[in-house]
Amino acid sequence: MVAITGASSGIGEATARELAARGAAVVLGARREDRLERLAADLRAAGGRVAHRPTDVTRREDLTALVDLAVGEFGRLDVLVGNAGISTISPVADLDVEGWSQMIDVNVRGVLHGIAAALPVFRAQRRGHLVTTVSTAGLKISPTMAVYAGTKNAVRTILEGLRQESTEGWLRTTSISPGYVRTELAASITDPALRTRIEQNTASLALDPAAVARAIAFAIEQPQDVEIGDITIRPSAQD
Ligand SMILES: NC(=O)c1ccc[n+]([C@@H]2O[C@H](COP(=O)([O-])OP(=O)(O)OC[C@H]3O[C@@H](n4cnc5c(N)ncnc54)[C@H](OP(=O)(O)O)[C@@H]3O)[C@@H](O)[C@H]2O)c1
């Protein structure tokens, strides 16, 4: 039973499709309910077990409700994929304080809200797995990506800290670091020239989101005593 935030498009949607095809029940969260409804209908038509609810990860109560939905519908929560994210990137000198705040709220606070909702369930079950989508932007720091990379590395650090605190064997944590992936992520970039450049890079070399979904499935499907801590997955042609 896997709950996924940011399931309405891109990597989250592909992950829902991949995991459902492999037989997992999935619970879908994102703000665009129409998208979730269409995806849920697709998955059900293929025999999948699925539930969904509108979810804004910046609201703690929405994550609590998403986890409650998973437990209510399917009796447990095995994995939370904290995947929702935005990339309102720009040079730091542009002082896009609003964009920085949005990234901190969604990319960092949103993941923390997921941890706060899922951890008590995992502890009670003595079993659980937190997967988050961070980024190669946090591994090779590029101009315009400083704050975005900072949010992703904050999450990487939080998960590693939680891992160090959780060595009794019932909690697993995984950070997935994708490079360029063909999704709607560039839509949140407000600077038109920068957005065009990122869209061109995406068009020329990006991975299909299904590739990242397969990496997430690989981490999840390991036996409980095997924790895949980090996966970096980028196009072979990315520098
Ligand atoms: N694409 C890449 O090249 C790339 C590379 C590395 C890492 N990533 C990371 O991968 C993750 C998924 O992004 P993507 O590339 O698949 O882009 P995407 O297609 O834009 O998907 C982003 C998802 O996040 C959701 N989201 C955004 N704000 C939200 C909020 N406040 N509450 C709930 N959901 C929210 C969106 O749904 P709604 O708008 O419906 O809420 C959407 O489902 C992100 O964390 C991103 O940083 C992407």
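Residues numbered from 1 in each chain as written. Predicted model: local features only at pLDDT ≥ 70, side-chain atom pairs only at ≥ 80, totals over all residues. Heavy atoms only, no water.

Core analysis: the biggest nonpolar cluster contains 41 residues, and L77, F122, L130 and I198 have the highest contact counts within it. Mapped onto this core, the elements with two or more residues apiece are helix 3 (60-74), helix 4 (97-125), helix 5 (146-165) and helix 6 (192-205). In terms of residue count, the dominant contributor to this core is helix 4 (nine residues). Setting aside anything within four residues of it in sequence, one finds L77 in contact with M1, A3, V67, A70, V71, A118, V121, F122, Q125 and R127. Counting residues in each nonpolar core, the second largest holds 31 residues, with L39, V50, V79 and V212 among its members. (Core = buried A, V, L, I, M, F, W, Y, C linked by side-chain atoms within 4.5 Å. Buried < 20%, exposed > 50% of the residue type's maximum accessible area, 1.4 Å probe, protein only. Helix = DSSP H or I, 4+ residues; strand = E, 2+ residues; numbered from the N terminus. Contact = heavy atoms within 4.5 Å.)

Before going further, it helps to examine the pairing of strand 1 (residues 2-5). Side chains V2 and I4 of strand 1 all project onto a buried face; the interleaved residues A3 and T5 project onto the opposite face, where all are buried too. Bridge count for strand 1 against strand 2 (residues 26-30) is four bridges, and the pairing is parallel. Bridging from a neighbouring strand, V2 pairs with V26 of strand 2. The handedness of the strand 1 to strand 2 crossover, carried by helix 1 (residues 10-21), is right-handed. (Pairing = 2+ DSSP bridges. Right-handed = clockwise from strand over helix to strand, strands pointing away.)

Turning our eyes to something else, we now look at the pattern of salt bridges. Scanning the entire structure with this criterion turns up 16 salt bridges. One salt bridge in this structure joins E18 and R22, with 2.8 Å as the shortest N-O distance. A residue is classified by how much of its surface remains accessible, and E18, at 19% relative accessible area, is buried. Of the charged contacts, one joins R38 and D34 as a salt bridge, the two residues approaching to 3.6 Å between their closest N and O atoms. Of the two residues, R38 and D34 both sit in helix 2 (residues 33-45), four residues apart, roughly one turn of that helix. With a relative accessible area of 44%, D34 lands in the partly exposed category. When salt bridges with common partners are traced through the structure, they connect E13, R17 and D42 into a single cluster. (Salt bridge = Lys/Arg side-chain N within 4 Å of Asp/Glu carboxyl O.)

Across the sheet, seven strands lie side by side as 3-2-1-4-5-6-7; this open sheet has parallel pairing. Both outer strands of the open sheet, strand 3 (50-54) and strand 7 (230-233), are each paired with one neighbouring strand and no more. Direction aside, neighbouring strands of the sheet carry axes that sit 15° apart on average. Pairing analysis gives four bridges linking strand 6 (residues 171-178) to strand 7, with the strands arranged parallel. (Axes fitted to C-alpha atoms, helices over the stretch in contact; angles between N-to-C directions.)

Taken together, the five bridges between strand 2 and strand 3 define a ladder with parallel strand orientation. Residue G29 lies in a different strand from strand 3, and its bridge partner there is R53. You can see the chain leave strand 2, run along helix 2 and come back into strand 3, and the turn it takes is right-handed.

This part takes up the site of the ligand. The environment of the ligand is made up of 29 residues, and the closest members are S8, I11, R31, Y148 and T183. The contact in question runs from an oxygen atom of the ligand to an N or O atom on the side chain of R31, over 2.7 Å. Between the ligand and L185, the relevant distance is 3.3 Å, taken from an oxygen atom to a main-chain nitrogen or oxygen of the residue. Of all the secondary-structure elements, those providing two or more residues to the shell around the ligand are helix 1 and helix 5. Taken together, the residues of the shell around the ligand sort by class into 13 nonpolar, 11 polar and five charged. (Near = heavy atom within 4 Å. Polar contact = N/O pair within 3.5 Å; in protein donor to acceptor, adjacent residues only side chain to side chain. Nonpolar A, V, L, I, M, F, W, Y, C, P; charged D, E, K, R; others polar.)

What follows deals with unusual backbone geometry. Positive phi, close to 55°, is recorded for L95, a residue that is not glycine. Tracing the chain through its elements places L95 in the loop between strand 4 (79-82) and helix 4. For L95, a relative accessible area of 58% gives the class exposed. The phi torsion at R126 lies on the positive side, around 60°, for a residue other than glycine. For R126, the position within the fold is in the loop between helix 4 and strand 5 (128-133). Since its relative accessible area comes to 47%, R126 is described here as partly exposed.

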